[in-house]
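Fold and geometry: a report
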Amino acid sequence: MPKHYRPAGKKKEGNAAKYVTRSQAVKLLQVNLSTFRRLCILKGVFPREPKKKVKGNHHTYYHLKDIWFVKHDPLLEKFREMRTYEKKLKKAEAKKNRDLYERLRTRKPSYTLDRLILERYPKFVDALRDLDDCLSMVHLFAALPALERENIEVKRIHHCRKLSHEWQAYIARTHKLRKVFISVKGIYFQAEVEGQKITWLTPHALQQVLPDDVDYSVMLTFLEFYETLLAFTNFKLYHSINVNYPPILDPQLEALAEELYALSRYLDANTRSARASGSDQVEGQENEKQHDESDLRLAQLQHQLPHNEPGALMHLVEDAAGEDEEDEDTKECKNLFKDMKFFLGREVPRESLLFVIPAFGGIVSWEGDGAPFREADQSITHQIVDRPTQGHKFLSREYVQPQWIYDCVNARIILPTEGYLVGRVPPPHLSPFVDNEAEGYVPDYAETVKRLQAAARNEVLPMPGTVKEDLEDPQRLLVEGIIDRAEANEAAEKKRKMATLEKQYHDELKMELEGAQYSSSMINQNIESNTASGEAREEPAPDLQQIAEDSTNMSKLVMPRKKRRLLEAMEIGKKRKQANVDLLKERKKKNEAGQTSKAK
C-alpha cells in the first residue's frame, strides 16, 4: 500500500479540501458558465492561486468558502427564475400563443443590487477606495456608441453619461480635483474625497471604434454593478453638501446636451438655498442656546441641578451645526483661477475644460446656445484656442492653448502665457503622477516650473549640493518650535564643522597660491613616506569599487535563496530605471544638437 494512500470516501485534507476548480464550482452551483461568471463578478469572488494545485496547473481554482458564499445568495435563485422565465417566453413565442406571450412580457422578474453594495462596502470609505475602476468604466461607456449586436443600449449609455456628469459636478463644486494629465489613452483625473485619492481615466471626445476581440458581456456585468455603486456614492456625496439627489435639470440645457453646466447651476442654486436656510436655523439655535443657558444658570442657582452631574450641560445646551472647514489644498485649488473668465473655442476639448476650470475657481463659457456669456464680453480674461492662427482678436484678453490650463492646474500657479500663445509649440506636458527625483531624471521644464513655484511662494531654493534646511538658522527654528533642542544642537555643530572645514580649505588654497612651505609635521610625514617608498616598492592604491563589489558578492553568498532572488530583482529594476534615464539624456542631447544645427 502506498504511503499517502487514502481509501475512497475518506475526508479530504489540505488544498484538496480548500479549493475547487471552476468546473467543480459550476457543477456544485448547478448553473451554466456565463451565469457563474456573472455571479462571481457581482459578489466580488475571484480565482485563487493555491500553493499546491491538486488538479494540475491548467485549471482555475476558487476557494470553497467563496463558492458556498455564492450558493447561499438570493441572487442565485433570482437568476434561475429569470432563466425559467426566458424558457417560458421562448416556448410561448414558438407555439404562437399570443395571449400567454403578452402576459409573460408584463411579468418579467427583476432584481436590484442594493443589498450587494451594502454587503461589499460596509462603510462609505470602502466604496471610495474601490471607485477608480468604477469611474473609468462608467466614463468609458458614456463615450461609446450604442450597438445592438453587443447589447449596448442607448438607455445605458445615457445613464452612464448622467452618472459621470453628476460625479464631475460634485468634484467641481467642492473643488476636490487635484491632478490632470492628457495622454494618448485619454485624460487622467485625480480627486481627493474624504481623504481618499481617486484616479480615473476619461476617453477623448472622438469617434470610438469597438474591437471584436473584447468580451462585452463581461464588461456589461461589471458596468451593471458599477452603475449601482456610483449612484449610491453620488447620493451620499450630494446629501453631504445638503443637495437633493437625483438632481432636477433645466430641460432647455438638457436638450442642448449641456448636462454638466446644468448640474453646476443646480448645485449652486441648491447650496445657496441650503446655506441660507442653514443660517436661519443657526440663528434660531443660537436664540434657543441663550435661553437654555439662562435656564441652566437659574437651575444651578436654585440647587435644582447637581453641579457634578455628567452630561447635564449636554442635555440642555446643544452646539449649532457648523460647516466643515476646508483644508489647505481645497483653498488653494479654489482660488487658482479666481476672478478669471474663460471663453472656449469650438475646436478645444470643451467637456474636460468645463469640468477643470470651475473646479479651480474660474468662470467659463463657450460658443453656442445656452452659454452664460458671449465671445464679445469685455470681462473675458483668457480665450482658449487650439488653431494655428487666430483672425479676430480682442486686446483685453490673452489667447492661449488648452495645455496652459492643465499645466497651471498641475503646478498650482498661474504660469506665464508666452510659451502657450497661438501658433507656438507649447512646452512639454509633464505628468504630475511621476516623481522625477525618484526616477532619477528631472526635465528642464520641471526645473523651470519649480523655480516659478518658489518665486510665487517667496521661497529661496537651495544651491546644488545643499539641502533646504542649511538655509535656516537652528536657533530660530528652536525658538519657533519647529525642531527640539537636541536637533538644534546637532544642526549647530554640523554648521560649525562645515564652517571650520571651509576655512581650512580656503587657508590651504591661499598657502598654495602664495607658495608657502608646509608645516614641520607635514614635512616629517613626507620624509617618512619617501624613505618607506625607497626601501620597498610602492604598492598601488586599492580599488574602492572593486572592494565594494567583493563585499556585496560575499554578502550575497550568505543570503538565503529567497532574499538573494529578491535582491537580484531589485538590482534589475534599478538597472532598467538607469537605462531609461540614460536613454532620456541621450535623446535630450540629440534634440539640443539638432536645434543648434538648425540655428546655424
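Refer to the structure printed above.
Residues numbered from 1 in each chain as written. Predicted model: local features only at pLDDT ≥ 70, side-chain atom pairs only at ≥ 80, totals over all residues. Heavy atoms only, no water.

Once that is clear, we can look at the sheet that holds strand β5 (residues 196-202). Within a sheet, adjacent strands bond to each other through the backbone by hydrogen bonds, running parallel or antiparallel. The strand order across the open sheet built from three strands is β3-β4-β5, with neighbouring strands paired in antiparallel fashion. Sheet topology places β3 (177-182) and β5 at the edges, where each strand pairs with a single neighbour. Across this sheet, the average inter-strand angle for adjacent strands is 15 degrees, counted without regard to direction. Taken together, the five bridges between β3 and strand β4 (residues 187-193) define a ladder with antiparallel strand orientation. In the sheet register, Ile182 faces β4, and the bridge partner there is Ile187. (Pairing = 2+ DSSP bridges. Helix = DSSP H or I, 4+ residues; strand = E, 2+ residues; numbered from the N terminus. Axes fitted to C-alpha atoms, helices over the stretch in contact; angles between N-to-C directions.)

By volume, the largest pocket amounts to about 1,400 Å³. Together, 31 residues line the largest pocket, and Arg38, Met82, Tyr111, Arg156 and Glu224 are the ones closest to its centre. Sorting the residues of the lining of the largest pocket by element identifies α3 (33-43), α5 (74-94), α10 (154-174) and α11 (216-240) as the ones contributing at least two each. Looking at which element gives the most residues to the lining of the largest pocket, the answer is α11, with seven residues. Taken together, the residues that form the lining of the largest pocket break down as ten nonpolar, ten polar and eleven charged. (1 Å grid on protein atoms, 1.4 Å probe; cavity = no way out; pocket = protein on both sides within 12 Å on 5 of 7 lines; lining within 4 Å. Points joined across faces, edges and corners; volume = space filled by probe spheres on them. Nonpolar A, V, L, I, M, F, W, Y, C, P; charged D, E, K, R; others polar.)

With respect to the helices and strands, the residue Glu224 is situated in helix α11. For Glu224, a relative accessible area of 15% puts it in the buried group. Of note is the side chain of Glu224, whose polar atom sits 2.4 Å from the side chain of Tyr111. (Buried < 20%, exposed > 50% of the residue type's maximum accessible area, 1.4 Å probe, protein only. Polar contact = N/O pair within 3.5 Å; in protein donor to acceptor, adjacent residues only side chain to side chain.)

Read from one edge to the other, the open sheet built from four strands follows the order β7-β6-β8-β9, with strand pairing classed as parallel. Strands with a single pairing partner mark the edges of an open sheet, and in this sheet they are β7 (363-366) and β9 (398-400). The mean angle between the axes of side-by-side strands here comes to 25 degrees, regardless of whether they run parallel or antiparallel. Where strand β6 (residues 341-344) lies against β7, four bridges are found, and the strand directions are parallel. Pairing of Phe342 across the sheet is with Val364, part of β7. Running over the sheet, helix α16 (residues 350-359) touches β6, β7 and β8 (382-384) and is turned about 160 degrees from β7. The strands that helix α17 (residues 402-411) touches are β6, β8 and β9; relative to β8, the one it contacts most, it runs at about 115 degrees. (Contact = heavy atoms within 4.5 Å.)

Let us now look at a positive patch on the surface. Residues Lys18, Lys51, Lys65 and Lys562 make up a contiguous surface patch of positive charge. Along the chain, Lys18 falls in helix α1 (residues 15-18). (Patch = residues over 30% accessible without salt bridge, like charges linked within 9 Å, V, L, I, M, F, W, Y side chains within 5 Å. Areas by Shrake-Rupley, 256 points an atom, 1.4 Å probe, with all protein chains shown as cover. Salt bridge = Lys/Arg side-chain N within 4 Å of Asp/Glu carboxyl O. Lys, Arg positive; Asp, Glu negative; His and termini not counted. Charge placed at Lys NZ, Arg CZ, Asp CG, Glu CD.)

Counting residues in each nonpolar core, the largest one holds 101 residues, and the members touching the most others are Trp167, Leu177 and Val356. Here the element with the most residues in this core is α11; it accounts for ten residues. Excluding anything up to four places from it in sequence, Leu177 contacts Ile171, Phe189, Gln190, Ala191, Trp200, Cys333, Phe355, Val356, Ala359 and Phe360. One finds Tyr85, Ala92, Tyr101 and Leu104 within the second-largest nonpolar core, a separate group that totals five residues. (Core = buried A, V, L, I, M, F, W, Y, C linked by side-chain atoms within 4.5 Å.)

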